[in-house]
Amino acid sequence: MDQAALRFRNVTKRHAHRPVLDGVDLTVERGEFFGLAGVNGAGKTSLIKCLLDFCALDGGAIEIFGASHLRPQARQPLAYLPERFTPPYYLTGDDFLKYVLKLQGQAYEPAAVAAMLAALDLEDTALKRTVRSYSKGMTQKLGLAACFLSRKRLYVLDEPMSGLDPKARALLKQLLQHLRNDGASLLFTSHALADVEEICDRMAILHGGRIRFAGTPEHCRSRYGASTLEAAFLQAIQ
Ligand SMILES: Nc1ncnc2c1ncn2[C@@H]1O[C@H](COP(=O)(O)OP(=O)(O)OP(=O)(O)O)[C@@H](O)[C@H]1O
């Protein structure tokens, strides 16, 4: 019962014969909040797509709570928000949440939905509108609400702060803190190293298809003799 939430073992992935992931080893412990950083095109989304079996590995293995990621059942404890979340444009926000919760075998509880919308600062009147009328940030909040309402043990969020205003970013951090206290695990990607430092227990820097660094943000700064995580990041990808 002590399996890690996620274990990537020597994962390799090529796109169009070009190596994107070149032997990635990474562990996210149970109950850990883990941030993945890397320049544009480093392979962060590819790693997540491999984890979700959206694309086949060229080598290596991935485990979710000790079970092969290839087993649909293994992915059951996981909620995922993609980098570009695009719900069906013709659904209302409410229909989308009902649809997602039904897929997850979860009851639609109006009080829980209202509390989640308030926690993410999404007006409840928006739920009656089709998502085509949503702004980028509203759409992102709907996706986050759907993830968190599904009450999973592991959240995989690809750039969760994308499009959020400062208030919503602060509220999302509070929400994540509650999930952490409840024992959830998190793997998220971010280009905002300040967010990585604030949110995560440990982090990794993916570059050139490999993990250049994995450890605490503090360890990252000391490893590279840098006063800021940004300066350490620049050293790590040289
Ligand atoms: N389906 C695909 N076919 C061909 N190449 C792909 C495909 N998906 C991703 N790539 C390439 O793989 C590399 C990694 O892309 P990926 O989206 O994983 O990077 P990322 O780290 O998530 O980038 P960003 O920070 O910009 O979101 C890029 O060079 C990209 O062009």
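Note that the structure is predicted; figures quoted are calculated from it, not measured. (Residues numbered from 1 in each chain as written. Predicted model: local features only at pLDDT ≥ 70, side-chain atom pairs only at ≥ 80, totals over all residues.)

Considering the environment of Asp158
Structurally, the position occupied by Asp158 is in strand E7 (residues 154-158). In this structure, the C-alpha to C-alpha distance between Asp158 and Asp22, residues 136 residues apart in sequence, is 20 Å. With near-sequence residues (within four places) excluded, Asp158 lies in contact with Thr45, Ile48, Leu81, Pro82, Glu83 and Thr189. (Helix = DSSP H or I, 4+ residues; strand = E, 2+ residues; numbered from the N terminus. Contact = placed C-beta atoms within 7 Å.)

Digging into helix H2 (residues 93-103)
Regarding H2, the residues found buried are Gly93, Phe96, Leu97 and Val100. All buried residues of H2 project into a common sector of 95 degrees when viewed along the axis, lining one side. Gly105, located one to two residues past H2, shows a positive phi value of around 70 degrees. (Buried ≥ 20, exposed ≤ 12 C-beta atoms within 10 Å, placed from the backbone. Arc of directions from axis to C-beta.)

Details of the site of the ligand
Every residue close to the ligand is listed here: His15, Ala16, Val20, Gly38, Asn40, Gly41, Ala42, Gly43, Lys44, Thr45, Ser46 and Glu83. Examining the composition of the shell around the ligand, we find that three residues originate from one element, helix H1 (residues 44-51), more than from any other. Split by residue class, the shell around the ligand holds three nonpolar, seven polar and two charged. (Near = placed C-beta within 6 Å. Nonpolar A, V, L, I, M, F, W, Y, C, P; charged D, E, K, R; others polar.)

So, the sheet that holds strand E4 (residues 59-64)
A sheet is described by the order of its strands in space; here four strands give the open sequence E2-E1-E4-E5, paired in antiparallel fashion. What marks the edges here is a single partner per strand, and that holds for strand E2 (18-28) and strand E5 (67-68). Here strand E1 (residues 6-15) runs beside E4; their pairing, made up of five bridges, is antiparallel. When the bridges of E4 are listed, Arg9 appears paired with Ala61. (Pairing = 2+ DSSP bridges.)

A closer look at the pairing of strand E8 (residues 185-189)
Taken residue by residue, a regular strand's side chains alternate between the two faces of the sheet. The buried fraction of E8 amounts to five of the five residues, a majority that puts the element mostly inside the structure. Here E8 shows two buried faces, one formed by Ser185, Leu187 and Thr189 and the other by Leu186 and Phe188. One ladder, built from four bridges, connects strand E3 (residues 33-37) with E8; its direction is parallel. Residue pairing for E8: Phe33 is matched across the bridge by Leu186.

A look at the nonpolar core
Core analysis: the largest hydrophobic core is formed by 65 residues, its most contacted members being Ala145, Val156 and Leu186. With eight residues, helix H4 (residues 136-149) is the largest single contributor of residues to this core. Both of domain 1 (4-77 + 153-237) and domain 2 (88-151) provide at least three residues apiece to this core. Sequence-distant contacts of Ala145, defined by excluding residues within four places in its chain, comprise Leu97, Met116, Leu117, Leu120 and Leu122. (Core = buried A, V, L, I, M, F, W, Y, C linked by C-beta atoms within 7 Å. Domains from an automatic or database assignment.)

Remarks on the UniProt feature "domain: ABC transporter" (unreviewed entry) in the chain
Per the UniProt record, the feature "domain: ABC transporter" (unreviewed entry) sits at residues 6-233. The span residues 6-233 carries 35% helix and 26% strand; its end-to-end C-alpha distance comes to 23 Å. (UniProt positions renumbered as here; feature names shortened; annotations may be inferred.)

Structural notes on the domain arrangement of the chain
You can read the domains of the chain as domain 1 (4-77 + 153-237) and domain 2 (88-151). A straight line from the C-alpha centre of domain 1 to that of domain 2 covers 25 Å. The interface is formed by eleven residues belonging to domain 1 together with ten residues belonging to domain 2. Grouping the constituent residues of the side of domain 1 that touches domain 2 by class yields seven nonpolar, two polar and two charged.

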